[in-house]
Amino acid sequence: MAGDKNEFLPYKVVYQKGYGEYEEKKSRFIASVAPVSSEEEAAAFIDSIRKKYYDARHHCSAFIIGRNRELTRCSDDGEPSGTAGKPILEVLLGAGVTNAVAVVTRYFGGTLLGTGGLVRAYTQAAKEGIENAGIGTMRYKTEMTIEIDYTDVGKVQYFLGNRKIEISQSRYTDKVEFDIRIPKEEERDVEKALTEATAARAKLHITGADYYMDIE
């Protein structure tokens, strides 16, 4: 049974593409972050950044793929070993995200930064990129339709409002139908509470389930 519960655990992702920049002794470090769902998508994004900043010296990168972070990769792209790709990967890991890629492009400013300077610069740029991309939490949610009479509309709306459950769609015909999404683990509790609130008049229909993003 534990495996079944683990299957629906929430996980964090970057919300959208984000960019950041850090400067150290006239060297520019430009971070580009994006959500991806496969190694191929990550590689394509890295390649697109190479083309965008075609005249830059380095395009160091890292990505994490899989709900349980099954795949991680990083590249120093010509920088001294361990000074670029690994720090970028550590930023992704530290943010707790998966299905994300980060590329930090470097324009050399003429002054060598040393190992510590490079690690600091790549780390700071990557952090800036992730912060601007934003982080969301993917939660497994049950899709449910509540079918009620008009007399119970106020009660149900009040209940949903108290629980901070949004109505994704409403239909008013001879009956009223509200479509909602709730975390899988709250399914039975919500069903029981709605049944009590409407004296069992509400009819509840589960229409599906999937992962949806809550933005932090």
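Structure first, text after, so check above.
Residues numbered from 1 in each chain as written. Predicted model: local features only at pLDDT ≥ 70, side-chain atom pairs only at ≥ 80, totals over all residues. Heavy atoms only, no water.

J.: Please give an account of the packing of aromatic side chains that cites residues and values.
T.: Summed over the entire model, instances satisfying the criterion amount to seven aromatic pairs. With a centroid separation of 5.1 Å and 70° between ring planes, the pair formed by Tyr 140 and Tyr 211 is classed as edge-to-face. Of the two residues, Tyr 140 sits in strand S7 (residues 135–148) while Tyr 211 sits in strand S10 (residues 203–215), which places them 71 residues apart along the sequence. Of the residues examined, Tyr 140 reaches a relative accessible area of 17% and is grouped as buried. (Phe/Tyr/Trp six-rings, centres within 6.5 Å; stacked < 30°, edge-to-face > 60°. Helix = DSSP H or I, 4+ residues; strand = E, 2+ residues; numbered from the N terminus. Buried < 20%, exposed > 50% of the residue type's maximum accessible area, 1.4 Å probe, protein only.)

J.: Account for the packing of helix H3 (residues 85–95) against helix H4 (residues 114–133), with residues named and values stated.
T.: Close contact between H3 and H4 brings their axes to 8 Å; oriented N to C, the two are set at 40°. Comparing the axis directions of H3 and H4 gives the class oblique. By crossing handedness, the relation of H3 to H4 is classed as right-handed. For the pair H3 and H4, contact is made by Pro 87, Ile 88, Val 91, Leu 92 and Ala 95 and by Val 119, Tyr 122, Thr 123, Ala 126, Lys 127 and Ile 130, respectively. Class assignment of the residues belonging to the contact of H3 with H4 gives a composition of nine nonpolar, one polar and one charged. (Axes fitted to C-alpha atoms, helices over the stretch in contact; angles between N-to-C directions. Parallel < 35°, antiparallel > 145°, perpendicular 65-115°, else oblique. Left-handed = near helix turned anticlockwise from the far one by under 90°. Contact = heavy atoms within 4.5 Å. Nonpolar A, V, L, I, M, F, W, Y, C, P; charged D, E, K, R; others polar.)

J.: Any details on helix H6 (residues 187–197)? Residues and values, ideally.
T.: Among all positions in H6, only Glu 187, Val 190, Ala 193 and Leu 194 are buried. All buried residues of H6 project into a common sector of 135° when viewed along the axis, lining one side. When the buried face of H6 is taken as reference, the exposed residues oriented beyond 90 degrees from it are Arg 188, Lys 192 and Glu 196. Its buried side turned inward, H6 meets S7, helix H5 (153–162), strand S9 (176–183) and S10. (Arc of directions from axis to C-beta.)

J.: Can you break down the pairing of S7 residue by residue, with the values?
T.: Most of S7 sits out of view: 13 of its 14 residues are buried. Inspection of the sheet shows strand S1 (residues 11–14) paired to S7 by four bridges, in the antiparallel sense. Each bridged residue has a counterpart across the sheet, and for Val 14 the counterpart in S7 is Ile 135. With twelve bridges joining them, S7 and S10 adopt antiparallel strand pairing. For Thr 142, the partnering residue across the bridge sits in S10 and is Ala 209. Both S7 and S9 contribute to a ladder of eight bridges, which runs antiparallel. Its bridge partner lying in S9, Met 144 is registered against Ile 180. (Pairing = 2+ DSSP bridges.)

J.: Mind laying out the pattern of salt bridges, listing which residues take part and the relevant values?
T.: Overall, the coordinates contain 14 salt bridges when judged by the stated rule. In this structure, the salt-bridge partner of Lys 175 is Asp 149, at a minimum N-O distance of 2.7 Å. In this pair, Lys 175 is assigned in the loop between strand S8 (167–172) and S9 and Asp 149 in the loop between S7 and H5, connecting sequence segments 26 residues apart. Between Asp 179 and Arg 171 there is a salt bridge, with the nearest N and O atoms lying 2.8 Å from each other. Among the charged side chains, a network of salt bridges with common partners joins Arg 139, Lys 141 and Asp 214. (Salt bridge = Lys/Arg side-chain N within 4 Å of Asp/Glu carboxyl O.)

J.: Any chance you could break down H4 for me, citing the residues and the numbers?
T.: Taking 1.5 Å per residue, 20 residues should reach 28 Å; H4 reaches 29 Å between its end C-alpha atoms and fits that length. Taken as a whole, H4 has its buried residues at Gly 117, Leu 118, Ala 121, Tyr 122, Thr 123, Ala 125, Ala 126, Gly 129, Ile 130 and Ala 133. Trailing H4 by a residue or two, Gly 134 shows a phi angle of about 85°, which is positive. (Expected span 1.5 Å × (residues − 1).)

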